[in-house]
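Spelled out from the first residue to the last, the chains are:
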Amino acid sequence: MVKVEIVDEHNSPYTSSAPSRTNSSDSISSIASDVSVPDESLYDRLSALVDIVPPSTRQSISSSLLRTTSFIKKTARVVGNVVWIVTTSALLVGLPLALSLEDEAKIVQQEQEMLAQQQGAQQMLPPGSSQPAPKAVVPPGF
């Protein structure tokens, strides 16, 4: 059986004259100021965890990190190859196509200018004068 005693705080040998709340905070602050903390790097702290973390957990963490880095490397290689294929295909197919479309647009513009010049020349001729029929416009290279 447990015997309970009521202890009078004023006459107890364990109490001091200062209030207990201040006394306990003073002791904590004095302890904190007395302890010197060495400068530790993050690597030092992580290497100290080797003793705390069990080997099986360390092995599973290591294997998952290795799998993740391997997956990232393989994915980066595949994405790089796809980008290379798309870029070279665009240069080999798209650039000549764009150049040929530009040439075609220039030819069409030249034909329109020649037709406009011929129509302007026909308007300048007096009525009734005959001029030979205009030749068909042939694009350069044909």
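The model shown is predicted, which means the values in this text are computed figures rather than measured ones. (Residues numbered from 1 in each chain as written. Predicted model: local features only at pLDDT ≥ 70, side-chain atom pairs only at ≥ 80, totals over all residues. Heavy atoms only, no water.)

Undergrad: Please explain the overall build of the chain as it appears in this structure.
TA: Along its length, the chain carries three helices and zero strands. For the chain, the N- to C-terminal ordering of α and β elements is α-α-α. Expressed as a percentage of its 142 residues, the buried residues of the chain come to 1%. Carbon and sulfur atoms provide 63% of the accessible area of the chain, an area that totals close to 13,400 Å². (Helix = DSSP H or I, 4+ residues; strand = E, 2+ residues; numbered from the N terminus. Buried < 20%, exposed > 50% of the residue type's maximum accessible area, 1.4 Å probe, protein only. Areas by Shrake-Rupley, 256 points an atom, 1.4 Å probe, with all protein chains shown as cover.)

Undergrad: Explain the confidence of the model for the chain here, please?
TA: Detailed reading of the predicted coordinates is not advisable wherever pLDDT is low. Summarising the model, the chain shows a mean pLDDT of 81, and 73% of its residues fall at 70 or more. For the chain, the element scoring lowest by mean pLDDT is helix α1 (residues 20–34), at 54; helix α3 (residues 55–124) scores highest, at 93. (pLDDT = per-residue confidence, 0-100.)

Undergrad: Just to check I follow, could you spell out a nonpolar patch on the surface for this structure?
TA: Together, Leu42, Leu46, Leu49 and Ile52 make up a nonpolar patch on the protein surface, roughly 430 Å² of accessible area in all. Tracing the chain through its elements places Leu46 in helix α2 (residues 42–48). (Patch = residues over 30% accessible without salt bridge, like charges linked within 9 Å, V, L, I, M, F, W, Y side chains within 5 Å. Salt bridge = Lys/Arg side-chain N within 4 Å of Asp/Glu carboxyl O.)

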